[in-house]
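Report on the structure
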Amino acid sequence: MSKIQMKNAIAELDGDEMTRVLWKLIKDKLLLPFIDLKTEYYDLSITERDKTDDKITYEAAAAIKRLGIGVKCATITSNAARVKEYNLTHLTPSPNGILRGELDGTVFRTPIFVKNIKGTVSCWEKPITLGRHAYGDVYKNCEIKTPCAGKAELVFTGEDGKEIRKTIMDMKGPGIIQGIHNMDASIESFARCCFTYALDQKIDVWFGAKDTISKTYDGNFKEIMQRVFDTEYKDKFEKAGLTYFYTLIDDAVARVVKSEGGFLWACKNYDGDVMSDMIASACGSLAMMTSVLVCPGGEFEFEASHGTVQKHYYRYLKGEKTSTNPVATIFAWTGALAKRAELDGTPDLADFAHKLEKATLGTIEDGIMTGDLAKLAIPQAKKIVNSWEYIDEIAARLSK
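Quick look at the structure, then.

Conventions used here
- Residues numbered from 1 in each chain as written.
- Predicted model: local features only at pLDDT ≥ 70, side-chain atom pairs only at ≥ 80, totals over all residues.
- Heavy atoms only, no water.
- Helix = DSSP H or I, 4+ residues; strand = E, 2+ residues; numbered from the N terminus.
- Polar contact = N/O pair within 3.5 Å; in protein donor to acceptor, adjacent residues only side chain to side chain.
- Contact = heavy atoms within 4.5 Å.
- 1 Å grid on protein atoms, 1.4 Å probe; cavity = no way out; pocket = protein on both sides within 12 Å on 5 of 7 lines; lining within 4 Å.
- Points joined across faces, edges and corners; volume = space filled by probe spheres on them.
- Nonpolar A, V, L, I, M, F, W, Y, C, P; charged D, E, K, R; others polar.
- Salt bridge = Lys/Arg side-chain N within 4 Å of Asp/Glu carboxyl O.

With respect to the secondary-structure elements, S291 resides in strand β15 (residues 289-294). Looking at S291, its side chain comes within polar contact range of the side chain of R109, at 3.1 Å. Apart from the residues lying within four places of it in its own chain, the contact partners of S291 are V107, F108, R109, E301, F302, E303, A304 and S305.

Attention shifts here to empty space enclosed by the protein. Counted according to the given criterion, the structure contains 1 cavity of 30 Å³ or more. The volume enclosed by the largest cavity comes to roughly 60 Å³. Along the walls of the largest cavity sit G97, R100, G101, R132, A134, Y135, G136, Y139, K140 and N269, which together make up its complete lining. In terms of residue count, helix α5 (residues 95-103) provides more of the lining of the largest cavity than any other element does, 3 residues in total. Residues belonging to the lining of the largest cavity are distributed by class as follows: 3 nonpolar, 4 polar and 3 charged.

Scanning the entire structure with this criterion turns up 31 salt bridges. Between E393 and R397 there is a salt bridge; the shortest N-O distance is 3.2 Å. Taken as a pair, E393 and R397 lie in helix α14 (residues 387-399) at a separation of 4 residues, close to a single helical turn.

Here it is, written out as structure tokens:
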């Protein structure tokens, strides 16, 4: 059988632990037998990032800008335990934080629904897409562990030399200080990405922040979102029969869990990180959620929304074949291939991506699934399989 041809390459960003194992398995079993796969490969494993002092991460971001499409495996963000475990020279920053900062994109995450997997929020009839602002906040922060009593200040020195200074706290003893920032231009890009995506998907937009407490920081988000909507999108939304509204983040959470779904929930960076995991878990599994970084320049980076599945990796190292769910990682590849096909005008590649998704979900709907889904399946799963068996089942369907 002749392989499907690609016109242009995708930036391929490899990762860590169990997802790295599945990454190669997906390529070997589900992609390479069917596609003449063109990628530019970047190893974003924690050891390689440490060795290059994250030069490899910045090179990968540049490749996504140049090629227009990237696909990323889950990666480790180091902490003290990881430094010791992997014998690192230093604490490495979040690679996702670097990529999102370089690309100035918005992350959109949407649950993957299948007929026989029932989520824990019974009123959700339609997927909730979460739009996460992917710049700044705690992911690009500055922190100090203060050793003694003293005055903590926030200082801004303008280009003109003028200084703005505020006292954070007169600290009576040792403590901690954190400084975070954001940029008006990035928030404006976030707003436009959310409203444009919602128009394309024909869904309403909700935005929640905490401007009653964070009157300047969160208040700036609220003001910019509203201004961009009013001046650029209000008429388009009205013509499409869509709405946008703002509410406090705690009210948004309460509304979301009582809704039927089917809207875009726009969130600041950390809120989106946490709430996307809540939505994914409530819909069945963290491995059943797509994630795409959409950038103002028209670039797209597709990834799984979950981590590296550390515990399963340790079991794998002991020789066990784990029942790790690879669906989100498969959908990262299909999303990237479909977008590459759209940009390049290669319908056969788009058709393959669609068939791979159909085969992936069809396997589950036929009652063959990994252990995380079997606990939620109605009717009961016919067969609980490990990752290798599940991917073989998908490959068999694709070959037909």
